[in-house]
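Examination of the molecular architecture
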Amino acid sequence: MTQTTATRVTVRCQFCHTWNRVDPARAAQRPKCGKCARPMLLDRPWPLTEDTFERTIRETEIPVLVDFYADWCGPCKMMAPFVDEVAREYEGRALVAKLNTDLAQNTSTALGIRGIPTTIVFKGGKEVARQTGAVPKAKLVELLKTAL
Ligand SMILES: [Zn+2]
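**Here we look at the overall build of the protein chain**
Within the protein chain, the secondary structure is distributed over four helices and seven strands. Secondary structure elements of the protein chain, listed N to C terminal, follow the sequence β-β-β-α-β-α-β-α-β-β-α. Relative to the globule expectation of 15 Å for 148 residues, the C-alpha radius of gyration of the protein chain, 14 Å, shows essentially globular dimensions. Projecting the C-alpha coordinates of the protein chain onto the three principal axes gives extents of approximately 35 × 30 × 25 Å. Evaluated residue by residue, the protein chain yields a buried proportion of 44% over its 148 residues. Sequence-distant contacts in the protein chain: of pairs separated by 6 or more residues, those separated by 24 or more amount to 64%. If you sum the accessible surface of the protein chain, you get close to 7,700 Å²; carbon and sulfur atoms cover 50% of it. For the protein chain, the distance from the average site of its 22 positive side-chain charges to the average site of its 16 negative ones is 4 Å.

Take a look at the structure:
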């Protein structure tokens, strides 16, 4: 991995809800929450919420791929293993996250999400790629690569 400048991933600890700034270059070394010391697992989709979505997107300096899904959505379930794989393979280079649209209707409406699953890639807080509908892993990688 070649990181020429210091970059940060900004995520809220899922256990104690403290915001952490993590160096993605150290993602594989299992960074821990600065407050509760529980692990910050960046090799799997990071669950976002209505409360955490905006700040995570805005303050994370590597590309963020977000899977907008719902628990009842069959195609979302079909695509989920691909999202998991992308998270594992791009750990440290991209933040892969997921947002349950049923629990985040304001965010979903603000982004104009019309169908799920929808995948959006953000960089520097801005949307750079979007795909609606379940897609194979190769397509997720292609979307992500527009921001890498
Ligand atoms: Zn914590």
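**Section: the sheet that holds strand β4 (residues 64-69)**
Strand order in this open sheet of five strands is β3-β5-β4-β6-β7, and the pairing throughout is mixed. What marks the edges here is a single partner per strand, and that holds for β3 (46-48) and β7 (126-132). The mean angle between the axes of side-by-side strands here comes to 25 degrees, regardless of whether they run parallel or antiparallel. Direction of pairing for β3 relative to strand β5 (residues 95-100): parallel, over a ladder of three bridges.

**Quick notes on the coordination of the zinc ion**
Looking at the zinc ion, one finds its protein donor set to be C13 (SG), C16 (SG), C33 (SG) and C36 (SG), positioned 2.3 Å from the metal centre. Taken together, the four donor atoms surrounding the zinc ion define angles of 105 to 113 degrees at the centre, an arrangement classified as tetrahedral.

Calculation rules
Residues numbered from 1 in each chain as written. Predicted model: local features only at pLDDT ≥ 70, side-chain atom pairs only at ≥ 80, totals over all residues. Heavy atoms only, no water. Helix = DSSP H or I, 4+ residues; strand = E, 2+ residues; numbered from the N terminus. Rg over C-alpha atoms; globule rule 2.2 N^0.38 Å. Buried < 20%, exposed > 50% of the residue type's maximum accessible area, 1.4 Å probe, protein only. Contact = heavy atoms within 4.5 Å. Areas by Shrake-Rupley, 256 points an atom, 1.4 Å probe, with all protein chains shown as cover. Lys, Arg positive; Asp, Glu negative; His and termini not counted. Charge placed at Lys NZ, Arg CZ, Asp CG, Glu CD. Pairing = 2+ DSSP bridges. Axes fitted to C-alpha atoms, helices over the stretch in contact; angles between N-to-C directions. Donors = N, O, S within 2.8 Å, 3.2 Å for Na, K, Ca; no water. Tetrahedral: all angles 85-135°; square planar, octahedral: opposite > 155°, others 65-115°.

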